[in-house]
Amino acid sequence: QVQLVESGGGLVQAGGSLRLSCAASGRTFSIWDMDWFRQAPGKEREFVGRINWSGGTTFYADSVKGRFTISRDYVKNTMYLQMNSLKPEDTAVYYCAVRLSLGAAYDYWGQGTQVTVSS
């Protein structure tokens, strides 16, 4: 079992930056990749990006590419989402998730952290 806890959300003006964290505990050695999603009220959940846990390779949605950067501290079992040049449309609850194997459904989710970007 893997437990995930997000933190670092808050209120920021457009053009500003935030850094989110996702701390994993439990059977972290079983993780294939860790992913970021976001969801605004009344809207569908949207994929943001992911990082391969062991290798560190990343992949981003086009909407955030060039502005967001995902990294991980393998020793601390923590994934980060550095968000720069934030836009009002980035406002959402941000969730981290874990897959235990490539191509599988997401096995574990965090509770989410709110990010609000004002214009």
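Calculation notes
Residues numbered from 1 in each chain as written. Predicted model: local features only at pLDDT ≥ 70, side-chain atom pairs only at ≥ 80, totals over all residues. Heavy atoms only, no water. Helix = DSSP H or I, 4+ residues; strand = E, 2+ residues; numbered from the N terminus. Rg over C-alpha atoms; globule rule 2.2 N^0.38 Å. Pairing = 2+ DSSP bridges. Axes fitted to C-alpha atoms, helices over the stretch in contact; angles between N-to-C directions. Phe/Tyr/Trp six-rings, centres within 6.5 Å; stacked < 30°, edge-to-face > 60°. Buried < 20%, exposed > 50% of the residue type's maximum accessible area, 1.4 Å probe, protein only. Lys NZ or Arg CZ within 6 Å of the ring centre and 35° of its normal.

Engineer: Run through the overall build of the protein chain, naming residues and quoting values.
Structural biologist: The number of helices and strands found in the protein chain is zero helices and eleven strands. Order of helices (α) and strands (β) in the protein chain, N terminus to C terminus: β-β-β-β-β-β-β-β-β-β-β. For the protein chain, whose C-alpha radius of gyration is 13 Å, the value lies close to the compact-globule estimate of 14 Å for 119 residues. Judged by the C-alpha coordinates and their principal axes, the protein chain covers about 40 × 25 × 25 Å.

Engineer: Which residues make up the sheet that holds strand β3 (residues 18-26), and what are the values?
Structural biologist: Strand order across the open sheet formed by four strands is β1-β3-β8-β7, with antiparallel pairing between neighbours. The open sheet has two free edges, formed respectively by β1 (2-7) and β7 (68-73), since each of these has just one partner strand. The mean angle between the axes of side-by-side strands here comes to 15 degrees, regardless of whether they run parallel or antiparallel. Two strands pair when backbone bridges link them, and β3 and strand β8 (residues 78-83) are joined in this way by six bridges, in the antiparallel orientation. Following the sheet pairing, L18 is matched in β8 by M83.

Engineer: Got a sec to walk through the packing of aromatic side chains? Specific residues and values, please.
Structural biologist: Counted under the stated rule, the structure contains six aromatic pairs. When the ring of F37 is compared with that of W109, the centres are 5.1 Å apart and the planes differ by 50 degrees; the resulting orientation is tilted. Residue F37 is located in strand β4 (residues 33-39), and its partner W109 is located in strand β10 (residues 108-109); the two are separated by 72 residues in the primary sequence. Given a relative accessible area of 7%, F37 falls into the buried group. For W109, a relative accessible area of 30% translates into the label partly exposed. Just above the ring of Y80 sits the side chain of R19; from NZ or CZ to the centre is 4.0 Å.

Engineer: Run through the pairing of β1, naming residues and quoting values.
Structural biologist: Alternating residues of β1 divide into V2, L4 and E6, all buried, and Q3, V5 and S7, none buried. Direction of pairing for β1 relative to β3: antiparallel, over a ladder of six bridges. Across the sheet, residue S7 finds its bridge partner in β3, namely S21.

Honestly, it's all geometry; don't read function into it.
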